[in-house]
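Remarks on the overall topology
What follows is each chain in one-letter form.
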Amino acid sequence: MKRFLGFAAVFCLFCSLCSAAATVGKLAPGFKLYVNGEISREDAAALAKDPAHAMAVAPRTVSADDNGLVEIVANGGEFKLQTQNPAILTATLTAEEDGEVYLGVGANWTFECYVNEQMVYSTLWDGNRTREFAADNHIFPVRVHKGVNHIAIYLLSGWQGGGWCVALDSFEPTPELQERFQPEVTHQPWITHAGIGTVTVNFPTANPIVAFVDYREKGTQEWQRAYELLGGQARDDRAEHTIPLNGLKDDTVYEYRPVLVPQPFTGRECPGPVHTFRTFSPAKKNFKVFFTSDTQMPPDRRVALLEDFLKNCGAATADLFVHGGDVDNIFDVSEPLFLDSFVDVLTADREMSQPLVALRGNHEYRGDRSGDYFGYFGGPDHRSYYAFRHGNTCFIVLDSGEDKPRWATMRWYARTYDAPLMAEQRAWLEKVVGSELFQEATFRVVLAHSPGYGESYMAKSIETIADGILTGDAPAHRIHLWLCAHTHRYSRSTGNGNSQRVFDRGAVLPYPETLPYVVLVNDGPGGGAGPDFSAVLLEFNDDRIEIRSMERDGKVFDHFSIRPDGSVTEHETSLQLAVPGKDAD
């Protein structure tokens with residue numbers, strides 16, 4: 001570790017949450033040592049506030065030896081190390097401006113460091129951890145103010161080998177130290193898993209760190225706090241944070257902020273910028289949902305596409321943004337694809353966080369970092385399926401799996417063992433359809449990547465999940481809309497048997513003649529006739545779902561509505577009418 005020459009240096013901070021101005025500091029080379037007599041932690045705090053604090057014992061001036069150690073008393077001295085004798089070492093650091101510096105301390109055996117009266121670091125409970133005593137045993141950032149800053153280190157002897165000693169130094173803010181100590185939220189937070197009384201706040205950090213979320217009803221003063229816990233402990237092993245907020249009021253605007261805690265035992269917390277969200281409500285009379293999918297293209301083109309949707313297609317003002325899966329093709333890297341060119345576009349320059357549903361498509365199964373999907377979008381349970389309510393509508397999110405079975409010698413498919421997941425979803429779905437969430441809803445909408453039906457591998461996966469429950473010849477429970485993607489060809493069943501609206505015959509799907517609900521398949525790149533990329537804006541009211549499918553410039557090419565009884569009203573469409581096994585009109 002590189003130290004400051006002559007105890008002087010430029011301290012520089014690059015931290016998005018606990019920012020402090022760069023400053024120049026100088027740690028004075030002479031220290032004061034108090035030993036013998038009655039000495040307490042309270043004395044250390046007092047000396048760090050006022051060096052003239054009255055002490056029962058006079059200090060002596062000491063300096064570090066060539067090894068950077070201040071010897072307090074050697075073996076065989078008047079103190080027995082195992083009896084935990086107290087001492088206090090004091091020093092001063094002069095700073096040209098307010099800022100933050102890195103101090104390092106090592107001691108035989110425990111210490112507690114105070115700077116300007118505030119306790120900033122302690123090893124009183126667990127000791128020095130190493131018997132190679134040096135200032136870099138424990139390095140930690142501390143806030144300093146312009147002018148003279150007072151440091152006091154309360155020391156207790158304890159280990160029986162070696163001398164009673166302490167080391168104090170200051171360290172350059174190297175990139176390694178910055179990465180280690182400076183907490184940073186690397187992307188603006190986003191909201192997922194919105195439901196009645198709940199949302200989940202998601203944000204990544206530069207390194208694994210303890211993280212919380214503060215939240216409060218807008219217009220109030222007192223923050224509440226939600227924790228990221230495992231077994232009753234704050235987690236410090238995660239850099240992708242998913243923290244649920246529960247017990248929220250319906251249709252209410254809340255403020256929230258991430259809080260990072262780089263060293264919990266020091267009490268140092270780093271709150272981030274404040275954002276807002278509005279909760280869902282079962283009483284909501286009118287709301288909008290925006291849906292798109294299959295945005296497989298270079299990241300810069302995906303950014304431009306999403307910006308068009310936000311500008312032209314009502315995506316920015318929708319209550320909920322749904323991506324139907326296949327954000328990109330293969331996820332050998334995740335942050336540039338899931339965040340830089342997707343989530344960041346949706347959150348940019350927006351104080352109000354729009355709830356997001358990101359379905360798991362078959363391409364989210366592929367790549368070395370495909371599992372990062374769960375850290376970003378899987379919620380607190382790290383699942384790719386769930387259900388929620390908004391207004392009079394129950395939404396069911398499904399994971400339709402890969403498009404091929406496991407292929408042991410193909411990198412994309414070699415890790416696919418999805419049969420247990422499909423069985424797990426079926427057991428869960430059977431519970432959902434019997435719940436109030438489903439039974440009391442006026443409308444029921446399935447969000448899935450695949451349309452189901454037919455002989456494809458994904459269709460068989462959907463059959464495993466939902467046959468006889470929501471799909472098949474005679475499903476036990478009514479849904480109104482299956483909103484999906486995957487084929488890259490727009491199609492929409494009419495609600496009248498298996499007839500469909502399509503751009504071309506190749507988009508027709510093998511639905512049964514008794515299909516009792518609408519299946520809408522969003523368009524995608526390279527899929528034949530029709531736009532390469534399309535979007536769907538759904539408006540939910542008491543008596544209908546109004547649905548408009550459009551191109552990226554906002555031009556509507558299909559407009560219809562669904563009533564509570566499942567009947568469909570055609571308003572305006574530029575699509576052909578087709579039936580499986582017959583020619584298109």
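In what follows, the structure referred to is the one given above.
A brief look at the structure comes next. (Residues numbered from 1 in each chain as written. Predicted model: local features only at pLDDT ≥ 70, side-chain atom pairs only at ≥ 80, totals over all residues. Heavy atoms only, no water.)

So, on to the pairing of strand β29 (residues 481–484). Where burial is concerned, the two faces of β29 agree: the one with L481 and L483 and the one with W482 and C484 are both buried. Two elements, strand β28 (residues 443–447) and β29, share three bridges in a ladder whose sense is parallel. In the sheet register, L447 faces β29, and the bridge partner there is L483. Handedness of the crossover joining β28 and β29 through helix α8 (residues 457–466): right-handed. (Buried < 20%, exposed > 50% of the residue type's maximum accessible area, 1.4 Å probe, protein only. Helix = DSSP H or I, 4+ residues; strand = E, 2+ residues; numbered from the N terminus. Pairing = 2+ DSSP bridges. Right-handed = clockwise from strand over helix to strand, strands pointing away.)

For any pair of aromatic rings, the description consists of the separation of the ring centres together with the inter-plane angle of the planes. Per the stated rule, a full pass over the model turns up 32 aromatic pairs. Ring centres of Y376 and F377 lie 6.1 Å apart, and the angle between their planes is 65°; on these two criteria the pair is classed as edge-to-face. Grouping residues by exposure puts Y376 and F377 together as buried. Each member of the aromatic cluster is reached from another via a ring pair, and the members are W190, F331, F338, F342, Y373, F374, Y376 and F377. It is R360 that lies over the ring of Y365; its NZ or CZ is 3.5 Å from the centre. Stacked on the ring of F438, the Lys or Arg R444 has its end atom at 4.3 Å from the ring centre. (Phe/Tyr/Trp six-rings, centres within 6.5 Å; stacked < 30°, edge-to-face > 60°. Lys NZ or Arg CZ within 6 Å of the ring centre and 35° of its normal.)

With that settled, consider the layout of surface pockets. Each pocket or cavity is described by its volume, and for the largest pocket that value is around 450 Å³. Lining the largest pocket are 24 residues, and of these R180, F181, P262, Q263 and P264 sit closest to its centre. Of all elements in the fold, only β10 (138–144) and α2 (175–181) reach the threshold of two or more residues within the lining of the largest pocket. Broken down by element, the lining of the largest pocket gets its largest block of residues, three residues, from α2. Here the lining of the largest pocket is composed, by residue class, of 12 nonpolar, seven polar and five charged. (1 Å grid on protein atoms, 1.4 Å probe; cavity = no way out; pocket = protein on both sides within 12 Å on 5 of 7 lines; lining within 4 Å. Points joined across faces, edges and corners; volume = space filled by probe spheres on them. Nonpolar A, V, L, I, M, F, W, Y, C, P; charged D, E, K, R; others polar.)

Inspection of every chain in the model, using the stated rule, returns two cavities of 30 Å³ or more. Put simply, the largest cavity is a space of about 90 Å³. Elements represented by at least two residues in the lining of the largest cavity include exactly β13 (190–195) and α4 (335–347).

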